Protein chains: 2
Amino acid sequence: MSLLVVGSVAFDALETPFGKVDRTLGGAATYFSVAASFFTHVNLVGVVGEDFTRHDEAIFRGRRIDICGLERAPGKTFFWAGRYGHDPNERVTLATELNVFAAFRPKLPPGFRNSRHVFLANIDPTLQRSVLEQIDGRPRMIGLDTMNYWIENTPAELREILRHTHVLMINDAETRMLSNEHNLLRAARHIFSIGPRTLVIKRGEYGAMMVHSSGGKDGIFTVPAFPLEEVHDPTGAGDSFAGGFMGYLSASRRITGGVLRRAMVYGSVMGSFAVERFGLERLRRVKRREIELRARHFANLTRFRL
Amino acid sequence: MSLLVVGSVAFDALETPFGKVDRTLGGAATYFSVAASFFTHVNLVGVVGEDFTRHDEAIFRGRRIDICGLERAPGKTFFWAGRYGHDPNERVTLATELNVFAAFRPKLPPGFRNSRHVFLANIDPTLQRSVLEQIDGRPRMIGLDTMNYWIENTPAELREILRHTHVLMINDAETRMLSNEHNLLRAARHIFSIGPRTLVIKRGEYGAMMVHSSGGKDGIFTVPAFPLEEVHDPTGAGDSFAGGFMGYLSASRRITGGVLRRAMVYGSVMGSFAVERFGLERLRRVKRREIELRARHFANLTRFRL
């Protein structure tokens, strides 16, 4: 079953302790759809400017990614420039030029309107809502990402879209800010009271944690980050994680606790590949068997017998 | 086989978002020995002052802890006062009164000199060295804790004791400071070049990570922190972890990769009990079957099938 993603497609300028690139393709929807395409068919909705060439488009070709919803608008593509320190959380934004993204109003091509799986990447909650309004029927699984800006500035709109969300995928700081709770289990309980049944907390170098509304101990699952000696570029790790996670779920007949756990692992696998090189360099070259091999490495990181 | 621990016995005054205690028994060797005593016989070496009563001693009675190495000195017992925020890492030290601990020179009773398992809690590396000099033969397993103060101020002495250490158990910040490497895998490699074959990195709310000198992917194991809704008092978590870890190893006939992994789990179990209540309140009431039950909960936190 195919998976709809709505979010940013961008050019990034990146500086990390391992190097520097002046302009590389990025954006949440780009990382997400490349990662998800290893598991399922992806329908992408986003906007690019006149500077986005057929060469840039190449990343989507030869993959199960339909870009008929990638709108071309007059002007320049969203541009972001940032610098990371040795600690990937030390991120400094050097430039944010929204360009054509500022006026982005997601329009679903008719063929995308019956999507059963939807991922709303981090954009204005009002736009996220407008996406759901264009979908016929009730999707089986709606995943959502957001950020501190929307939590602070559009709390009512965010709450409204969360009422329709099944899986919320945010980081620890966002979890605490949204719930006004430092403890992540209480924070999860607060978030469940708004709508989502599943909270996936992305914790960067510490991996990820999933909490289900089932509540009990069985409802909590953690996966470590893959130990890498060099994290070349943390950009896109969270979106690649979301792509692996949602892609795996979309391809699963039933969504059980075990399937959600495997989705967490495949999400972590895709996130770990994303950070190995700059931009999409590594992710675009990943082979399916490398994904399986890394998933087995993940199993070995936490396996023990009592 | 019995386990020798040398370190502080103290009185603590604690303030956390969940309450306040003016004077409770604490100290690294206390938490360590209570935690380890569930797995093995513990021989404790430390010092207390005249204010340490038979009532305070009660914590050790009825457990497999030999305190004939707990010296009484004229003066007052080591006293520490601290305050924690909602983030347990936000620790403010309000008072440190070394008292009798300032002149502590560990003296092993004759019966302790043939110890095969030794844990050198966080004290001056020169004193840690003097403990090893009092031991006959080569211990099977020497674990060591240290802190930023010794890393900065006595690097040569610390290096010397590390040459004899099998398992170094420190937190992420200390790992980075000691190795001058941000990346934990490279940091581990640096530490292996000094002496230890195993590095256990304590990461507080993110759990713990073990790296062996074997190098490959099999040499890395992670365990999450146990998800608790209320961390009443983080004091002693690391020492209780060390107690569970070293206690489990001491009781194991052979030290294999699987045994080290289980030791990590039992360490995490004991650490998770320690923080549930103030001081040693919870740890002193733990039952062996609660330990086994929690270990199974730990297994469930990370279990998945591919």
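Data block above holds the structure.
Keep in mind it's a predicted model, so treat the numbers as computed, not measured. Sequence order as written defines the numbering, with residues in each chain counted from 1. Note on labels: chains are lettered from A, ligands numbered from 1, in written order. In view of the model being predicted, local features appear only for residues whose pLDDT reaches at least 70, and side-chain atom pairs are presented and counted only at 80 or more, with totals across whole chains, interfaces and linings using the full set of residues. Computation of side-chain values: all heavy atoms of the structure, hydrogens and water removed.

1. Notes on the nonpolar core
Looking at soluble globular proteins, one finds that nonpolar side chains tend to be buried together. Formed by 102 residues in total, the largest nonpolar core has its most connected members in Met169, Phe245, Met264, Leu283 and Ile291 of chain A together with Leu4 of chain B. Think of it this way: any DSSP run of H or I at least four residues long counts as a helix, any run of E at least two long counts as a strand, and we number them from the N terminus. Tallying contributions element by element places helix α9 (residues 257–274) of chain A first for this core, with ten residues. Working rule for contacts: check all heavy atoms of both residues, and any pair within 4.5 Å makes them a contact. Residues in contact with Leu283 of chain A, not counting those within four places in the same chain, are Tyr31, Val34, Ala35, Phe38, Ser240, Met270, Phe273 and Ala274 of chain A. Judged by nonpolar contacts, the second largest core, of 99 residues, contains Phe112 of chain A together with Leu25, Met246 and Val265 of chain B. What is meant by a nonpolar core is a set of buried Ala, Val, Leu, Ile, Met, Phe, Trp, Tyr and Cys residues, joined one to another through side-chain atoms within 4.5 Å. Relative accessibility thresholds used throughout: buried, under 20% of the residue-type maximum; exposed, over 50%; partly exposed, between the two (1.4 Å probe, protein chains only).

2. Considerations on the sheet that holds strand β7 (residues 91–97) of chain B
Residues and elements named next belong to chain B. Here four strands make up an open sheet; going across it, the order is β3-β2-β6-β7 and the pairing mixed. Of all strands in the sheet, those bounded by a partner on one side alone are β3 (19–26) and β7. Strand-to-strand, the axes of this sheet are offset by a mean angle of 15°, without reference to chain direction. In short, DSSP must find at least two bridges between two strands for them to pair. Examined bridge by bridge, strand β2 (residues 10–16) and β3 share six bridges and lie antiparallel to one another. Paired with Glu15 across the bridge in β3 is Lys20. Axes here mean lines fitted to C-alpha atoms, for a helix over just the part in contact, with angles spanning 0 to 180 degrees between N-to-C directions.

3. So, the pairing of β2 of chain B
Summarising burial for β2 of chain B: six of the seven residues are buried, a large majority. Count of turn residues in the β2 of chain B/β3 of chain B antiparallel hairpin: two residues.

4. Comments concerning the packing of aromatic side chains
Think of it this way: a Phe, Tyr or Trp ring, Trp meaning its six-membered ring, pairs with another when their centres are within 6.5 Å, and the plane angle makes it stacked under 30 degrees, edge-to-face over 60, tilted otherwise. With the rule as written, the count across this model stands at 24 aromatic pairs over all chains. In this structure an aromatic cluster arises from ring pairing among Phe39, Tyr248 and Tyr266 of chain A. A ring is considered to have a charge above it if a Lys NZ or an Arg CZ atom is located within 6 Å of its centre and within 35 degrees of its normal. In this structure, Arg23 of chain A packs its charged tip against the face of Phe11 of chain A, placed 3.7 Å from the ring centre. For the cation-ring pair, Arg294 of chain B lies above Phe273 of chain B, with the distance from its terminal atom to the ring centre recorded as 4.1 Å.

5. What about the relation of the copies chain A and chain B?
For this overlay, a least-squares fit was computed on C-alpha atoms, restricted to residues scoring pLDDT of at least 70 in both copies. For the pair chain A and chain B, the relating rotation is 180°, the translation along its axis is 0.0 Å, and the fit reaches an RMSD of 0.0 Å. What the rotation and shift describe, once combined, is the action of a two-fold rotation axis. Mapped onto chain B, 100% of the interface residues of chain A are again interface residues, and the two copies thus contact each other with one and the same surface.

6. Focus on the interface of chain A and chain B
Between chain A and chain B, the residue contacts involve 42 residues of the former and 42 residues of the latter. Here the quantity called buried area is the accessible surface, traced with a 1.4 Å probe, that two parts lose on coming together, added over both. Across the chain A to chain B interface the summed buried area is about 3,800 Å²; carbon plus sulfur atoms make up 55%. Any carboxyl oxygen of Asp or Glu within 4 Å of a side-chain nitrogen of Lys or Arg constitutes a salt bridge here. Linking chain A with chain B are seven salt bridges, by the criterion used here. Across the salt bridge formed by Arg203 of chain A and Glu205 of chain B, the nearest N and O atoms sit 4.0 Å from each other. N or O atoms within 3.5 Å of each other form a polar contact, as long as, within protein, one can give a hydrogen and the other can take it, and as long as residues adjacent in sequence are counted only when both atoms are side-chain atoms. Applying the counting criterion to the chain A and chain B interface returns 24 residue pairs in polar contact (both at pLDDT 80 or more). Elements that contribute at least two residues to the side of chain A that touches chain B include exactly α6 (172–179), α7 (184–194), β13 (220–223), α9 and α10 (288–302) of chain A. Ranked by residues supplied to the side of chain A that touches chain B, first place goes to α10 of chain A with eight residues.

7. Some words on the pairing of strand β12 (residues 208–212) of chain B
All names here are of chain B. Within β12, five of the five residues are buried, leaving the element largely enclosed by the surrounding structure. Burial of β12 is two-sided: the residues Ala208, Met210 and His212 facing one way and the residues Met209 and Val211 facing the other way are all buried. Note: strand β11 (residues 198–202) against β12, five bridges, orientation antiparallel. Bridge pairing links Lys202 to Ala208 in β12. Between the end of β11 and the start of β12, which pair antiparallel, lie five residues, with Gly204 showing a positive phi angle near 55°. Pairing between β12 and strand β13 (residues 220–223): four bridges, direction antiparallel. Each bridged residue has a counterpart across the sheet, and for Val211 the counterpart in β13 is Ile220.

8. Describing α7 of chain A
Residues and elements named next belong to chain A. By the burial criterion, the buried members of α7 are Leu184, Leu185, Ala187, Ala188, Ile191, Phe192 and Ile194. For α7, the angular spread of buried residues about the axis comes to 160°, placing them on one side. Each element contacted by the buried residues of α7 is listed here: α5 (155–162), β10 (167–171), α6, β11 (198–202), β12 (208–212) and β13. The N-terminus of α7 is capped by Asn183, whose side-chain oxygen sits 2.9 Å from the backbone nitrogen of Leu185. Picture the helix axis, draw a direction to every C-beta atom, and the arc is the one those directions span.

9. Structural notes on unusual backbone geometry
Here the phi dihedral of Asn99 of chain A falls at roughly 50°; this positive angle occurs in a residue that is not glycine. Among the secondary structure elements, Asn99 of chain A is positioned in the loop between β7 (91–97) and β8 (117–120).

10. Considerations on the packing of α6 of chain A against α7 of chain A
Pairs of packed helices are described in terms of their axes, by the angle between the two and the distance that separates them. Residue and element names in this part refer to chain A. The geometry of α6 relative to α7 is characterised by a closest axis approach of 9 Å and an angle of 60° between their N-to-C directions. By the angle between their axes, α6 is oblique relative to α7. Of the two elements, α6 crosses α7, and the hand of that crossing is left-handed. Along the contact surface, α6 presents Asp172, Thr175, Arg176, Leu178 and Ser179, while α7 presents Leu184, Ala187, His190 and Ile191. Any residue outside Ala, Val, Leu, Ile, Met, Phe, Trp, Tyr, Cys, Pro, Asp, Glu, Lys and Arg is labelled polar, Gly included; the first ten of those are nonpolar and the last four are charged. Considered class by class, the residues forming the contact of α6 with α7 number four nonpolar, three polar and two charged. Should an angle lie under 35 degrees it is considered roughly parallel, over 145 roughly antiparallel, and from 65 to 115 roughly perpendicular; all remaining angles are considered oblique. Handedness of a crossing follows from how the near helix is turned relative to the far one, being left-handed for an anticlockwise turn of less than a right angle and right-handed for a clockwise one.

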